[in-house]
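Architecture at a glance
As a plain string of letters, each chain reads:
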Amino acid sequence: MSTHGFELVREQEIAELNSRARLYRHTATGAELLSVTNDDENKVFGVTFRTPPSDSTGVAHILEHITLCGSRKYPLKTPFVELIKGSLKTFLNAFTYPDKTCYPVASQNVQDFYNLVDVYLDAVFYPRIARHHFEQEAWHYELEDAEQPLSYKGVVFNEMKGAYSSPDSMLYKYIRQSLFPDTTYGVDSGGDPERIPDLTYEQLKGFHDTLYHPSNARIFFYGDDDPERRLAIIAEYLRDFQAIAPASDVPLQQPFAAPTHVERSYATSADQGDTGKAMLTVNWMLGEETDHETLLGLGVLDYILMGNAAAPLRRALIESGLGENVAGGGLSDSLRQLTFSAGLKNIDPQHAAAVEALVIDTLRSLAAGAIEPAAVEAAMNTVEFSLRENNTGSFPRGLSLMLGALGGWLYGHDPIDRMAFESPLAALKARVAAEGPGYFGSLIQRTLIENNHRTTVLLKADPALAERQASAERTRLDEVRSNLSELQVQELIKRTAELKELQELPDPPEVRATIPSLSLPDLDKKIRTVPTEQTTRGGVPTLYHELFTNGIVYLDLGLNLHTLPQHLLPYVPLFGRSLTEMGTQAEDFVKLAQRIGRTTGGLRTQRFISSTRRGPESAAWLFLRGKAVPSQVPELLSIMGEVLTTVQLDNRERFRQMALEEKARLESSLVPSGHSYADLRLRARFDEANWASEQLGGISYLFFLRNLVQQIESDWDAVAATLEQLRATIVDRANMICNVTSDSGSWAQISPALDGALGALPAQASPQVAWQRSSSSANEGLVIP
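Structure report, in brief. (Residues numbered from 1 in each chain as written. Predicted model: local features only at pLDDT ≥ 70, side-chain atom pairs only at ≥ 80, totals over all residues. Heavy atoms only, no water.)

Details of the overall build of the protein
Condition: Each helix corresponds to a stretch of at least 4 residues labelled H or I by DSSP, and each strand to a stretch of at least 2 residues labelled E; elements are numbered beginning at the N terminus. Atoms considered for the radius of gyration are the C-alpha atoms alone. The globule rule reads 2.2 Å times the number of residues to the power 0.38. Here, residues are in contact when the closest pair of their heavy atoms is within 4.5 Å.
Regarding its fold elements, the protein presents 28 helices and 22 strands. Rg of the C-alpha trace for the protein: 28 Å, near the compact-globule value of 28 Å for 785 residues, within the 12% margin. Dimensions along the principal axes, computed over C-alpha positions, put the protein at roughly 80 × 65 × 65 Å. Partitioning the contacts of the protein with sequence separation of at least 6, the portion at a separation of at least 24 is 79%.

With respect to the packing of aromatic side chains
Note the following rule: Pairing of aromatic rings covers Phe, Tyr and the six-membered ring of Trp, with a centre-to-centre limit of 6.5 Å; geometry is then stacked below 30 degrees between planes, edge-to-face above 60, and tilted otherwise. The cut-offs for exposure are 20% and 50% of the maximum accessible area for each residue type, with area from a 1.4 Å probe on protein chains only; residues under the lower value are buried, those over the upper are exposed, and the others partly exposed.
Under the definition given, this model contains 29 aromatic pairs. Taking the centre distance of 6.1 Å and the plane angle of 70 degrees together, the rings of Phe-134 and Tyr-201 count as edge-to-face. Of this pair, Phe-134 sits in helix α4 (residues 131–137) while Tyr-201 sits in helix α7 (residues 201–211), and the two are 67 residues apart along the sequence. Taking relative accessible area as the criterion, Tyr-201 reaches 15% and is therefore assigned buried. A centroid spacing of 5.9 Å and a plane angle of 50 degrees characterise the contact between Phe-655 and Trp-716, whose relative ring orientation is tilted. With Phe-655 in helix α23 (residues 652–669) and Trp-716 in helix α27 (residues 716–730), this residue pair connects regions lying 61 residues apart in the sequence. Through a chain of ring-to-ring contacts, three or more aromatic side chains come together here, namely Phe-49, Phe-80, Tyr-103, Tyr-120, Phe-125, Tyr-126, Tyr-212, Tyr-237 and Phe-241.

Things to note about unusual backbone geometry
Even without being glycine, Asn-390 reaches a positive phi, approximately 50 degrees. Inspection of the secondary structure assignment puts Asn-390 in the loop between α12 (373–389) and α13 (397–409). Overall, Asn-390 belongs to the partly exposed group, its relative accessible area being 28%. Its identity is not glycine, yet Ala-765 carries a phi of approximately 50 degrees, on the positive side. Structurally, Ala-765 can be placed in the segment after α28 (744–759).

Concerning the sheet that holds strand β22 (residues 736–742)
So the rule is basically this: Only strands that DSSP links by at least two bridges are regarded as paired with each other. Whenever a helix is involved, its axis is fitted only over the stretch in contact; in every case the axis is a line through C-alpha atoms, and angles between N-to-C directions fall within 0 to 180 degrees.
Sheet architecture is open: six strands sit in the order β17-β18-β22-β19-β21-β20, paired in mixed fashion. Unpaired on one side and paired on the other, β17 (533–537) and β20 (602–612) mark the two borders of the sheet. Adjacent strand axes in the sheet meet at a mean angle of 25 degrees when their direction is disregarded. Sheet topology note: the strand β18 (residues 540–546)/β22 ladder contains five bridges and is parallel. By the bridge assignment, Tyr-544 is partnered in β22 with Val-740.

Considering the environment of Ala-433
In this structure, Ala-433 sits in helix α15 (residues 422–435). As a C-alpha pair, Ala-433 and Gly-369 span 64 residues in sequence and 16 Å in three-dimensional space.

Focus on the sheet that holds strand β16 (residues 454–462)
Within the open sheet, the five strands sit side by side as β12-β16-β13-β15-β14. Their pairing is mixed. Two strands bound the open sheet, and with one partner strand each, they are β12 (260–267) and β14 (325–332). Taken pair by pair, the neighbouring strands of this sheet meet at an average axis angle of 15 degrees, ignoring direction. The pairing of β12 with β16 spans eight bridges and is parallel.

Remarks on the environment of Gly-441
Tracing the backbone through its elements, the reader meets Gly-441 in helix α16 (residues 438–449). The class for Gly-441 is buried, based on a relative accessible area of 3%. In this view, Gly-441 contacts Leu-366, Ala-367 and Ile-371; residues no more than four positions away in its chain are not counted.

Regarding the nonpolar core
Test applied: In these notes, a set of buried Ala, Val, Leu, Ile, Met, Phe, Trp, Tyr and Cys residues joined through side-chain atoms within 4.5 Å is what counts as a nonpolar core.
Judged by nonpolar contacts, the single largest core of 84 residues is most densely connected at Phe-45, Phe-125, Leu-204, Ile-219 and Ile-234. Per-element tally for this core: the top contributor is helix α3 (residues 110–125), with 10 residues. Among the nonpolar cores identified, the runner-up in size contains 69 residues, and Leu-624, Phe-655, Ile-712 and Cys-738 belong to it.

Description of α13
Note on helix geometry: an α-helix contains 3.6 residues per turn, so any two residues three or four positions apart are oriented the same way. Where we set the bar: Helix span is expected to be 1.5 Å times the residue number reduced by one.
With 13 residues, α13 extends 18 Å from end C-alpha to end C-alpha; this agrees with the ideal 18 Å at 1.5 Å per step. Residues Gly-398, Leu-399, Leu-401, Met-402, Ala-405, Leu-406, Gly-407, Gly-408 and Trp-409 constitute the buried set of α13.

Let's talk about the pattern of salt bridges
Any two side chains of opposite charge can pair, so long as their charged atoms come close to each other. Threshold: When a carboxyl oxygen of Asp or Glu is within 4 Å of a side-chain nitrogen of Lys or Arg, the pair counts as a salt bridge.
By the definition in use, this model includes 64 salt bridges. Across the pair Arg-25 and Glu-32 runs a salt bridge, and its minimum N-O distance is 3.9 Å. Classification of Arg-25 by relative accessible area gives partly exposed; the value is 33%. Lys-627 is paired through a salt bridge with Glu-389; the nearest N and O atoms lie 3.0 Å apart.

A closer look at the packing of helix α1 (residues 59–67) against α7
Stated precisely, the cut-off is as follows: Each angle receives one of four descriptions, namely roughly parallel if under 35 degrees, roughly antiparallel if over 145, roughly perpendicular if within 65 to 115, and oblique otherwise. By the convention adopted, Pro, Cys, Tyr, Trp, Phe, Met, Ile, Leu, Val and Ala count as nonpolar, Lys, Arg, Asp and Glu as charged, and the other residues, Gly among them, as polar.
Viewed as axis vectors pointing N to C, α1 and α7 meet at an angle of 80 degrees, and their least axial separation amounts to 10 Å. Judged by the angle between their axes, α1 and α7 are roughly perpendicular. The residues of α7 that touch α1, namely those facing Val-59, Ala-60, Ile-62, Leu-63 and Ile-66, are Leu-204, Phe-207 and His-208. Along the lines of polarity and charge, the residues of the contact of α1 with α7 split into seven nonpolar, one polar and no charged.

Let's talk about the state of the cysteines
In protein structure, a disulfide is the covalent linkage between the sulfur atoms of two cysteines. Selection rule: Pairs of cysteine sulfur atoms within 2.5 Å are identified as disulfides in what follows.
The full count for this structure, using the stated rule, is zero disulfides. Free cysteine Cys-69: the closest other cysteine sulfur is in Cys-102, separated by 19 Å. Looking at Cys-102, the relative accessible area reads 0%, which means it is buried.

Things to note about helix α10 (residues 312–319)
Worth spelling out the cut-off: In this context, the arc is that of the directions from the helix axis out to the C-beta atoms.
If you check which residues of α10 are buried, you get Leu-313, Leu-317 and Ile-318. For α10, the angular spread of the buried residues around the axis is 125 degrees, confining them to a single face. Residues of α10 that are buried in the fold lie against α9 (292–306), β14, β15 (338–347), α11 (352–370) and α23. Immediately beyond the C-terminal end of α10, within one or two residues, lies Gly-321, with a positive phi of roughly 75 degrees.

With respect to the pairing of strand β3 (residues 19–26)
With eight bridges connecting them, strand β2 (residues 6–14) and β3 associate as antiparallel partners. From the neighbouring strand, Leu-8 faces β3, where its bridge partner is Tyr-24. Hairpin connection, β2 to β3: the antiparallel pair is bridged by four residues, and Asn-18 has positive phi, about 50 degrees. Relative to strand β4 (residues 32–37), β3 runs antiparallel, the two sharing six bridges. Bridging across to β4, Leu-23 finds its partner in Leu-34.

Considering the side chain of Ser-189
We apply this condition: The definition of a polar contact used here is a pair of N or O atoms within 3.5 Å, where within protein one atom must be able to donate a hydrogen and the other to accept one, and adjacent residues in sequence count solely through side-chain atom pairs.
Structurally, Ser-189 is set in the loop between α6 (167–179) and α7. Engagement of the side chain of Ser-189 in a polar contact is seen with the backbone oxygen of Tyr-97, the distance being 3.3 Å. With near-sequence residues (within four places) excluded, Ser-189 lies in contact with Pro-53, Gly-58, Ala-60, His-61, Thr-96, Tyr-97 and Pro-98.

Points about the side chain of Arg-577
Mapped onto the secondary structure, Arg-577 falls in helix α20 (residues 572–581). On the basis of relative accessibility, which here comes to 16%, the residue Arg-577 falls in the buried class. For Arg-577, the side chain forms a polar contact with the side chain of Glu-581, separated by 2.9 Å. Among residues more than four places away in sequence, those in contact with Arg-577 are Thr-605, Arg-654, Met-658, Glu-661 and Glu-662.

Structure follows, in structure tokens:
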């Protein structure tokens, strides 16, 4: 039976997601549509095209940008800027992956949702793609005066120059290239700045004509909107297309006969202080995995190996002292063939062989039987809890589901199979119950130890690389300039001026009016509020929110940072990590991590700092956040009490490792996120909340960490005493707040335990402290590579 030109391929009720999934195929074009219906009001739409590039000119990335520069029905220069002004969207973006380009949107308002869908569909199927769009987003020669040197300009060109200045970005690029030298994954879909100027306007147009076609589309809907209307909307857009056979297959990389070694460089500066530092990862291609039980098993194995600070491979790397932070990221399932990668940042290049041997020897030891049963139990519980909770935070659930489904759908496999987890989870639990840790040991042996498709990538700092790259670009541009006639120079100057005029010219009002926006009748007049009951438990002010949580209790304990003298503020991030990563009087941090994983849904710390309406003083809290099923809430409260009152803050080596990790994390983010650091540094001048945030996560925090690492070596007793002072001050139920979210039945069940646990915490009524911000208004400059 055909509906709006679609034939139903199959449908399935997915009880674990409370959803019904229907897979359709459009008979005229072959477009595939996955329609998921449920009661989630946060509706999601996405259209995805398989877009494997054949070179590193960035054609897929550039086309993603140009697609959002106006279309047939909405011929604005920036339709999405105008769209956002009249939208209640909960998500609006586009992604370019190594083999696909996704255009997802989400909204809770049904009219807004259909507005977003219409603009996106028109954008991808009928973009304008004018030549000046290509010049603006890809690249162009820029010349404003005949006496000036020629230069390259372009949004993606500049964006990728930024990406190529980030050592982390370069590391992951080289890992992928080393594992997939013969497929599309061996080129850069984002674009190599050296290759972007090789792309022509005609090549870009051809890429769109071939790949942005319904025959190459995977269309996704999710939520509580009308499933019939979904089909009608898409059918209207597909009616003018006929089926083609787009050349968009993603080929498989053939396995290596033997492991290989790759050495590359990243740009640094002589005055940066890290010219001798390097990164090393050991990487495997695991192949294409379509068995869902094995996929789930690999996910659990990844958590066992790398999932927390106590995970054995992660721990071995950090405790080796060979580097400052973990590199690699473990298991990746974003490509057709899975990969696994592990290593270290900020190593001495002379220790490269030692890091490589450490990774392989640790895996061999674990495969031979060194995986602890408690680690397996903790990983299985953590993964199952996450699957059943299905909590994606501010990221729409439907979008997370779409990206997961694409992992098989893009390569010709059934997307619905990727959504249902009950059957593979039951099979995996039965297998682990029968084989114990040996199941994961054999998985390590088969997928990693015996797998010759392995590369070792060493990325070394090169202070002269940036200069060589700039010189090569200057030489290329000078050669072009030397071959231009005087007439061509004048034409280039004219074209530069025309392009700037086009960019600065506003859209006419009648063009802006084409963008759909919401009107008052489209809006829900009822203000939505979170139900809140204020009470006191164990002497602690407590906020209770009665909501449906699928049988999970969310419990937060807030510690008031305003009890701390301001010189203690920079210690707060590391103190927060210490609560769950240093161990207690009863358990070392490995046993503690395993206990948390076995009995709860997780425990973490999170800072909250905000301006307030009452005056210049900020609200500043460190929250200890946990979740568990009601029967395990007493255990969760017990763990919370133990980490707050008995955390072992005198473990010098463990604290030094955490400080080095924090320092390495901030240093590696300076280049790709430099604008964020500058923004926070500026805002710190204006109010206490931003000042405190800068102390805990900005340039000031980085300077603090660099000094702290030295002090840990030279005067550990003073550091340990400071940490004890911080704990004694901040762990004070007289200055705490408790926040609980659950259903009413769970609340009645856990209330007595909450009274006892909170009442047992220390109460010294520490006075709140006024922080004295610097009043200096002197100009300053921050210099980074």
